[in-house]
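# Structural description and commentary
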Amino acid sequence: MNRIKKILIYTAIFMAQLTLAQADYTYTTSKDYFKKAYEHLIEEEFSEAFTSFEKIDKSDTLYNLAQLSKLIAEYRAGFYKEVIKTGTKMIKEESVFSSTAFEYKIKALIDLKEFINAEKAIGFSTEKYPLYRFQYEYLRALIFKHQGKYEEAKKLLQAIIVQHPQYSASHVLLAQLMGEEGGKVQSILGFQMAIISNRNANSIREAFRKMRDMMQGNFEINREKEDAKLFKKMNSLISSGLALKGNYKADLPLKSVTNLVTDLIFKTFLEEGTSSLIQDSEDFTMRYYTKFLNEVKKKGLEKGYILYVMSVLNNPSIKKVMIAYKDDIEAFEKFKIKYWNNQVNRNKFRVNGKVDERDYIMDNMGVLTAFGKRNEENIKIGKWTYLYPTGKTAAETEYNNEGMLIGKNVWYAQDGYIKESGVYKAGELNGLAYFTRENGCSSYEGMFKDGELNGEVKIYNSKGILNVSKNFKDNKVDGLVKEYYENGRPSSTVNMVKGLRDGKLYVFSPLGDTIKTKTYSKGKAIGSSIEYYENGNIVSQG
């Protein structure tokens, strides 16, 4: 296709979609600008990339995503002042990515060493998105690290980890702080937990690299502290390179430093008396990481643990061993999910001023998304409450023992109005259901039976004013149908049988006068049609 013809086709398609606000973008769609922006980023043409993102109009569905992409690109390229501007703009516009905008804005302020402003932003973000508090508190720990307040940073990170173990970044930063103090085993276990806690986190490769550096003695110690007695022996063994010597035999047939050192930790550090030491210890590594490791050893899941950590690497020899020990990995993964869920629910935090009795359900980043219960088969049962990051209720639902919706279930918009509600039986609507438009106005409501319309249904216009009422039987219109004017008076009525008009149609004026009648049988007009003046006299008949 030649260039001129292509432009003409694009123009014809796009002009059909344009609003006045998009009039400047006649020849290029938002998708094209998005693609161009990333092409510029690949070439490190940052100014051109940012300009392309900005050309996507605010009314476009890609606008919020374009602003987020621009924000992240600005941060990664080191344009911190621009990050602050873009982040502030997104927050003011109440972007769907506002919580992330706060995160990047705060990170940019920290990198610029504007700690006071960063603290203020942390306060605002926490108030706006209380369920993301731990992520913003992590950024506060970063501030403490920059300020040399290492103990304050460690305590804050430990508090985050106890309640949000899936937040990998906290494990990484804590492990780094411990490593800088010479705590080798503490650091190694922290980096490993960053990998184990969340395989989807962006920080797992960083964690693996730093863990391996620590094992090989390539980690800089810049403020060495006196180790607790519990770790002295193990730290010395790691420093000595015992596991890396030729005569050391690990249980797994892998010569990787990760396998050898972790095997050494399991065999040497976790001895018979470790369990009692864990219970009595005030040391975080003992109470948290070592306790987990001890439970892994008790259940004979050491191989699964080591291979789960090593699976970060795309290595053929590792993959071969993983296939041979597939059952060990699966058993470990099942164990660790249950273990950390139990840990979370032993350390619940207040939400909207109270602690819920049900389990706290976290997403893979450690964000609380719901309160509810699951049975042994991991099926949702009983009453559940879903949450928005603001802490507001997103839905209230109930499930039977098979995980199917029962009873009254309600879904809410972030603004608090009901988006949808319905009475369910065994996963299907059975009873009254109600739906709204995006503006919060009613859309329709009606009766259902076994998931199909059955009974009266009311349909509303975009202003939420009743427009039509219909009756259904077996999911077909059956019974009286009424249409309404916005003043609430009927505009027409007609009887329906199995979806077809059957009986007399009446059409009314906005004042209620009959202005037309017509008779139908099985969907076909019969007899004459009569039209009336507003005074009741006949205008025409035929």
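Presented here is a report on the structure given in the accompanying data block. Remember, predicted model here, so these are calculated numbers, not experimental data. (Residues numbered from 1 in each chain as written. Predicted model: local features only at pLDDT ≥ 70, side-chain atom pairs only at ≥ 80, totals over all residues. Heavy atoms only, no water.)

## Re unusual backbone geometry
The phi dihedral of D450 falls on the positive side, at around 50°, and the residue is not glycine. Summarising the element assignment, D450 is placed in the loop between β8 (442-449) and β9 (452-460). A relative accessible area of 47% means that D450 is categorised as partly exposed. Its identity as a non-glycine residue notwithstanding, N475 has a phi of 70°, on the positive side. Checked against the element boundaries, N475 lands in the loop between β10 (466-473) and β11 (476-477). (Helix = DSSP H or I, 4+ residues; strand = E, 2+ residues; numbered from the N terminus. Buried < 20%, exposed > 50% of the residue type's maximum accessible area, 1.4 Å probe, protein only.)

## Let's talk about helix α17 (residues 302-310)
Counted residue by residue, α17 has seven buried out of nine residues, so it is predominantly covered. Residues of α17 that are buried include every one of G304, Y305, I306, L307, Y308, V309 and M310, and no others.

## Observations regarding the pattern of salt bridges
Overall, the coordinates contain 16 salt bridges when judged by the stated rule. Notably, a salt bridge pairs K267 with D251, separated by 3.2 Å at the nearest N-O pair. Separated by 16 residues along the polypeptide, K267 in helix α14 (residues 257-269) and D251 in the loop between α13 (229-240) and α14 bring together distant segments of the chain. A residue is classified by how much of its surface remains accessible, and K267, at 39% relative accessible area, is partly exposed. Residue D251 is classed as partly exposed on the basis of its relative accessible area, which comes to 46%. The partner of D356 in a salt bridge is R358, and the shortest N-O contact between them spans 2.9 Å. Across the pair, R358 and D356 agree in class, each one buried. (Salt bridge = Lys/Arg side-chain N within 4 Å of Asp/Glu carboxyl O.)

## Considering the nonpolar core
Counting residues in each nonpolar core, the largest one holds 85 residues, and the members touching the most others are Y138, F292, Y305 and F332. Setting aside its immediate chain neighbours within four residues, F332 contacts I196, F292, V296, L301, G304, Y305 and Y308. Counting residues in hydrophobic clusters, the runner-up holds 25 residues, among them Y399, L405, V468 and V507. (Core = buried A, V, L, I, M, F, W, Y, C linked by side-chain atoms within 4.5 Å. Contact = heavy atoms within 4.5 Å.)

## Digging into the environment of F79
With respect to the helices and strands, the residue F79 is situated in the loop between α4 (63-76) and α5 (80-92). When the C-alpha atoms of F79 and F46 are compared, they prove to be 9.6 Å apart, with 33 residues separating the residues in sequence. Leaving out residues up to four positions away in the same chain, F79 has contacts with F46, F50 and E74.

## Some remarks on the packing of aromatic side chains
The tally for this structure, following the rule as stated, stands at 34 aromatic pairs. A ring pair is formed by F102 and Y129, whose centres lie 6.4 Å apart and whose planes are at 70°; its orientation type is edge-to-face. Of this pair, F102 sits in helix α6 (residues 98-111) while Y129 sits in the loop between α7 (115-128) and α8 (133-146); the two residues are 27 residues apart in sequence, bridging distant segments of the chain. Following the ring pairs from residue to residue traces out a cluster consisting of F266, F284, Y288, Y289, F292, Y305, Y308, F332, F335, Y339 and W340. (Phe/Tyr/Trp six-rings, centres within 6.5 Å; stacked < 30°, edge-to-face > 60°.)

## A look at the packing of α8 against helix α10 (residues 168-180)
In the contact formed by α8 and α10, the axes pass within 10 Å of each other and the chain directions differ by 20°. It follows that α8 is roughly parallel to α10 by the angle criterion. For the crossing formed where α8 meets α10, the hand is left-handed. Only A169, S170, L173, Q176, L177 and E180 of α10 make contact with α8, whose side of the interface consists of Y138, A141, L142 and K145. For the contact of α8 with α10, the residue count by class is six nonpolar, two polar and two charged. (Axes fitted to C-alpha atoms, helices over the stretch in contact; angles between N-to-C directions. Parallel < 35°, antiparallel > 145°, perpendicular 65-115°, else oblique. Left-handed = near helix turned anticlockwise from the far one by under 90°. Nonpolar A, V, L, I, M, F, W, Y, C, P; charged D, E, K, R; others polar.)

## A word on the pairing of β8
As paired elements, strand β7 (residues 428-436) and β8 share six bridges and run antiparallel to each other. Of the residues in β8, the one forming a bridge with T436 is S442. Pairing analysis gives five bridges linking β8 to β9, with the strands arranged antiparallel. In the sheet register, Y444 faces β9, and the bridge partner there is I459. What sits between the antiparallel neighbours β8 and β9 is a turn of two residues, in which D450 has the positive phi angle 50°. (Pairing = 2+ DSSP bridges.)

## Examining a negative patch on the surface
A cluster of acidic side chains, namely E39, E43, E44, E45 and E48, defines a negative patch on the protein surface. Within the secondary structure, E44 sits in the loop between α2 (30-42) and α3 (46-54). (Patch = residues over 30% accessible without salt bridge, like charges linked within 9 Å, V, L, I, M, F, W, Y side chains within 5 Å. Areas by Shrake-Rupley, 256 points an atom, 1.4 Å probe, with all protein chains shown as cover. Lys, Arg positive; Asp, Glu negative; His and termini not counted. Charge placed at Lys NZ, Arg CZ, Asp CG, Glu CD.)

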